[in-house]
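Structural features, examined
The primary structure of each chain is shown beneath.
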Amino acid sequence: MLAQQFDLDMMQVALACASEAGAAGDIPIGAVVVDASGSIIAKGHNSREALNDPTAHAEIVALRAAAQKLGSWRLTGCTLVVTLEPCPMCAGAVVLSRVARLVFGAWNPEYGAAGSNWDLVRDRRLNHRPEVLGGVMAEECGTLVRGFLSPHRMQQEA
């Protein structure tokens, strides 16, 4: 399955959200929730540092905002677009929120749970499995994360 222009446009919005996270000192990951009509209903970016909240990943922030906007935890018909493959926590939230589609940018070789290390979102034992499209603008998304993490990892090694 190839990315359509809509997916590319939404990934651009998610990348802008990711940049906000990076500017605030958090890992630059951004997410957008789009309803069935194609309208953006929520945005989010990593806010773990700002909120001192280990669950404030971009996906969780965006899914919570979308649920508030819709007045329901069921995000049936919605698409989540995120710059990095979701971790197990976020992949679980995608399944539990009943998101119809998951579109992500860079693969997450350490914690990815949408096809790289695990494939939680398509596990046949679960009651919901969204359509998944990975690798959309992967280079741009990965470069943003690697650029942020590189100096942080060098400091840790010193």
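The name given to the chain in an unreviewed UniProt entry is tRNA-specific adenosine deaminase 2, with the source organism recorded as freshwater metagenome. The heading Subunit (unreviewed entry) in the UniProt record of the chain holds the text "Homodimer." According to the UniProt record, the Cofactor (unreviewed entry) comment for the chain reads "Zn(2+)".

Listed as buried for helix α4 (residues 88–96) are C90, A91, G92, A93, V94 and V95. Contact partners of the buried residues in α4: α3 (58–70) and β3 (79–84). Downstream of α4 by one or two residues, R98 has phi in the positive range, about 65°.

The next subject is the side chain of S47. When you line up the elements, S47 lands in the loop between β2 (40–45) and α2 (48–51). With relative accessibility at 11%, the residue S47 sits in the buried group. Here H45 takes part through its backbone oxygen, which lies 3.0 Å from a polar atom of the side chain of S47. Setting aside chain neighbours within four positions, we find S47 in contact with D26, N52 and A56.

Okay, the environment of W107 next. With respect to the helices, strands and loops of the structure, W107 is situated in the loop between β4 (101–106) and β5 (131–133). With 32 residues separating them in the primary sequence, W107 and E139 have C-alpha atoms 9.7 Å apart. The residues touching W107, leaving out its near neighbours within four places in the chain, are L84, E85, A114, G115, S116, G134 and G135.

The rules we used
Residues numbered from 1 in each chain as written. Predicted model: local features only at pLDDT ≥ 70, side-chain atom pairs only at ≥ 80, totals over all residues. Heavy atoms only, no water. UniProt positions renumbered as here; feature names shortened; annotations may be inferred. Buried < 20%, exposed > 50% of the residue type's maximum accessible area, 1.4 Å probe, protein only. Helix = DSSP H or I, 4+ residues; strand = E, 2+ residues; numbered from the N terminus. Contact = heavy atoms within 4.5 Å. Polar contact = N/O pair within 3.5 Å; in protein donor to acceptor, adjacent residues only side chain to side chain.

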